[in-house]
Amino acid sequence: MKKNGIPLAHVALLFIIVGLLLLTLFFNGGNLSIPSSSVSYLDDGWIIEVEENQEIITSLPVKVEAKDNQIVSASKELTPDFKTGQSLLVRSSLQHLVVYLDGEEVYSNNLSKKHRIPIASMWNIIELPVMSHGKILTITLESPYINMAGTINPVLYGGKGDLIIYLFNTYGLQLLISIVLLIMGFAMMVLRLIFNSNESKGSELIGLFAILSSLWLLAESRMLQFLTGSQFILGSLAYIMLGLFISPLVLYIKRYVAKRFHHAYSLLFGIIIINFFYIMYAQLTGMKDFFETVITTNMIIIVASVISLFLLLFEIIKYKNKDALRLFKLLMILMVAGLFEFINFLAGNFHNTSLYILIGLVVFMSFKIVSYLRVIYHVINQSKLAQRYQILALQDQLTGSKNRMAFENDIEQLLVSNRYNQVRVVFFDLNNLKTINDNHGHPVGDEAIMKAFSIIFDSFGDLGSCYRVGGDEFACLFENTEEDIYQQRVAYFKSRVGQAMKELSYPFSMAYGSAVYDASQDQYFSDTMSRADYDMYQTKQKQKTSR
């Protein structure tokens, strides 16, 4: 059911969502979220030393001057809070990290230094023994990249479970939205498998764009470590996806949106793919690490995005390309999300890194999925309508039975499958139809036709298929050729006809004839039908002479 063209189910869902939001707003109550109040920052009074250079006392986080592969250490005396067993939470940003307690190593992040294995940013949870208060905690960091060598992130402490809850409370939303976007991408890929290219035009490329984007943002969410412990995946996924994710969108624009400038989009796509293979080759050969290719990759993404948007805008203005206009509007959502992301970065809110891009991508994908679903909904309706027309084309409108076309189609199927050698065909003829029409009118003639088919179907319908093949002609096809069963049904058929003759005010009778395919006398199945037709004619002649 619909109301003003909108399905009632959609209206109901909208009311439920709005209702829940209003109830939440007016009846908020207390905050019952899972607490992580026992997590504290250990940020003040750190002594920072770059190898044996001058010491400085500062708070964390901090960025000090250090060269690549130069060890930076941060030391602090532990407070009375560490009388009980506590765990530390430290994020190492593309750094090798080692933790000491009174000079004794208690933790190392064990990152491989092989050049083919990319170094990864990661969370480090360090469990300290009880009665650690008063001891000197020392954290050493070393990075092969000068941009990261002097970075020391905040240090948190608390119970191990509390620290994990803190991470989910802080970064879990990005993880959840990334997974939602990933599912949406796979859903678009499935659409392409179910429907043809006209119905799901480009959905596989939009789906691939969503999957690659979600994997990139999942790697940037700081939560990938909860899904895998592989150093290669943790250290490479963001860079690999960054180099690839825009390529399906460029290809989509070229194939399904742009009417012109196809060579320009091909060039952009080629540059993106070449750069991807370059960063893979550079990493695997030790020429350059993934991290060192980020600037080039970002420049290519920016240039490809600006050129694509400019060409789309040119087609909109110059050639009134409606497909380009629709896509441009959706891409503006991503541009606005990128602007919010930039503002968020300038504000120093690093906890929500990539959140706005994620939300923008989900909104973009939601609009694309809805547009595809509309097309598919239309196609399904058209298919249902076509099926309905097909059914009508094979159906007799007066009796509701199968018509002559259906009879011929079924005969053809029997011939193709070579099953006609086990088929009985029965022909029927309603006697005196012209007399009934002339004396009682065509409505009564139609009633006689419907009565005739009703008796035929009631007598033989469960053995096979029954048809109205002409004005007063009917037929049945069934694969049960046992003569005893057939004669039982004929007897029942005759009794029904006899009963109708007594009840009706007009002369009502039917002739019938049957034949079973016999290879000894039938070269073709048409010979079988001819014998059934002749048998019916003989019955009709007998009925005339017996009157």
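Residues numbered from 1 in each chain as written. Predicted model: local features only at pLDDT ≥ 70, side-chain atom pairs only at ≥ 80, totals over all residues. Heavy atoms only, no water.

A. Representation of the packing of helix α3 (residues 160-194) against helix α4 (residues 203-220) within the structure. Two elements in contact, α3 and α4, have axes whose closest approach is 7 Å; the angle formed by their N-to-C orientations is 160 degrees. Taken together, α3 and α4 sit at an angle that is classed as roughly antiparallel. Relative to α4, α3 is oriented so that their crossing is left-handed. Contact residues: α3 offers L175, S178, L181, L182, G185, F186, M188, M189, L191 and R192, while α4 offers S203, E204, I206, G207, L208, A210, I211, S213, S214, L215, L217 and L218. (Axes fitted to C-alpha atoms, helices over the stretch in contact; angles between N-to-C directions. Helix = DSSP H or I, 4+ residues; strand = E, 2+ residues; numbered from the N terminus. Parallel < 35°, antiparallel > 145°, perpendicular 65-115°, else oblique. Left-handed = near helix turned anticlockwise from the far one by under 90°. Contact = heavy atoms within 4.5 Å.)

B. Here's a closer look at the packing of aromatic side chains. In this structure the tally under the stated criterion is 23 aromatic pairs. Relative to F277, the ring of F276 lies with its centre 5.3 Å away and its plane at 65 degrees, an arrangement referred to as edge-to-face. According to the relative accessible area criterion, F277 is exposed, its value standing at 54%. Aromatic pair F493 and Y512: ring centres 5.7 Å apart, planes at 80 degrees, arrangement edge-to-face. Placement of the pair is F493 in helix α14 (residues 483-503) and Y512 in strand β18 (residues 510-516), with a sequence separation of 19 residues. The buried category is assigned to F493, whose relative accessible area is 1%. Given a relative accessible area of 14%, Y512 falls into the buried group. An aromatic cluster is present here, built from F428, F460, F478, Y486, F493 and Y512 joined pairwise through their rings. Its guanidinium or amino end placed over the ring of Y319, R260 lies 3.5 Å from that ring's centre, counting from NZ or CZ. (Phe/Tyr/Trp six-rings, centres within 6.5 Å; stacked < 30°, edge-to-face > 60°. Buried < 20%, exposed > 50% of the residue type's maximum accessible area, 1.4 Å probe, protein only. Lys NZ or Arg CZ within 6 Å of the ring centre and 35° of its normal.)

C. Quick peek at the nonpolar core. Grouped together as the largest cluster of nonpolar side chains are 105 residues, with contacts concentrated most on L42, W46, L88, L312 and F364. It is α3 that provides the largest number of residues to this core, a total of 10 residues. With residues up to four places along the chain from it excluded, the contact list for L42 reads L60, K76, L78, F82, L88, L137, V155 and Y157. By size, the runner-up hydrophobic cluster in this structure holds 27 residues, among which are F478, V497, L504 and F508. (Core = buried A, V, L, I, M, F, W, Y, C linked by side-chain atoms within 4.5 Å.)

D. A look at the sheet that holds strand β17 (residues 473-478). Taken in spatial order, the four strands line up as β16-β17-β15-β18 in an open sheet, and their pairing is antiparallel. Looking at strand neighbours, the two that pair on one side only are β16 (464-468) and β18, the edges of this open sheet. Neighbour to neighbour, the strand axes of the sheet diverge by 15 degrees on average, direction disregarded. Across the sheet, helix α15 (residues 525-545) touches β15 (424-430), β17 and β18, and the angle it forms with β18 is around 150 degrees. (Pairing = 2+ DSSP bridges.)

E. Up close: the pattern of salt bridges. Applying the stated criterion to the full structure yields 13 salt bridges. Ionic pairing is found between D458 and R496, a salt bridge with its closest N-O pair at 2.3 Å. On the criterion of sequence distance, the pair formed by D458 in helix α13 (residues 442-460) and R496 in helix α14 is long-range, its members being 38 residues apart. A residue is classified by how much of its surface remains accessible, and R496, at 17% relative accessible area, is buried. (Salt bridge = Lys/Arg side-chain N within 4 Å of Asp/Glu carboxyl O.)

F. How the structure looks around unusual backbone geometry. In this structure, P61 follows L60 across a cis peptide bond, with omega equal to 0 degrees. Assignment of secondary structure puts P61 in the loop between β5 (56-58) and β6 (62-63). The phi dihedral of L94 is positive, around 55 degrees, even though this residue is not glycine. Tracing the backbone through its elements, the reader meets L94 in the loop between β8 (87-92) and β9 (96-101). A positive phi angle is found at K320, which is not glycine, with a value near 55 degrees. Its location among the elements puts K320 in the loop between α8 (294-319) and α9 (322-346). The exposed category is assigned to K320, whose relative accessible area is 63%.

G. Looking closely at empty space enclosed by the protein. Tallied over the full model, the rule gives two cavities of 30 Å³ or more. In this structure, the largest cavity encloses a volume near 40 Å³. Lining the largest cavity are L242, G243, L244, I246, I272, N275, T297, I300 and I301. By residue class, the composition of the lining of the largest cavity is six nonpolar, three polar and no charged. If you go around the second largest cavity, the residues you meet are L94, P118, I119, Y145, G235, Y239, F290 and F291. Of the residues belonging to the lining of the second largest cavity, the class tally is seven nonpolar, one polar and no charged. (1 Å grid on protein atoms, 1.4 Å probe; cavity = no way out; pocket = protein on both sides within 12 Å on 5 of 7 lines; lining within 4 Å. Points joined across faces, edges and corners; volume = space filled by probe spheres on them. Nonpolar A, V, L, I, M, F, W, Y, C, P; charged D, E, K, R; others polar.)

H. Representation of helix α7 (residues 262-285) in the model. Taking 1.5 Å of rise per residue, 24 residues should cover 34 Å, and α7 covers 34 Å from first to last C-alpha, within 8% of that figure. Within α7, the full set of buried residues consists of Y265, L268, I272, N275, F276, I279, M280, A282 and Q283. Check the buried side of α7 and you find it contacts α5 (231-244), α6 (247-257) and α8. Phi turns positive, to about 85 degrees, at G286, one or two residues after α7. (Expected span 1.5 Å × (residues − 1).)

I. The arrangement of the side chain of S73 in detail. Along the chain, S73 turns up in strand β7 (residues 72-77). Classification of S73 by relative accessible area gives buried; the value is 14%. Residues in contact with S73, not counting those within four places in the same chain, are I47, I48, E49, T138, I139 and T140.

J. The arrangement of the sheet that holds β7 in detail. Read from one edge of the open sheet, six strands run β5-β4-β7-β12-β9-β10, paired in antiparallel fashion. Lying at the two open borders of the sheet, with one neighbouring strand each, are β5 and β10 (104-108). On average, each strand axis in the sheet is inclined to that of its neighbour by 25 degrees, with strand direction left out of account. Where β7 lies against strand β12 (residues 136-142), six bridges are found, and the strand directions are antiparallel. Bridge pairing in β12 links S73 to T140.

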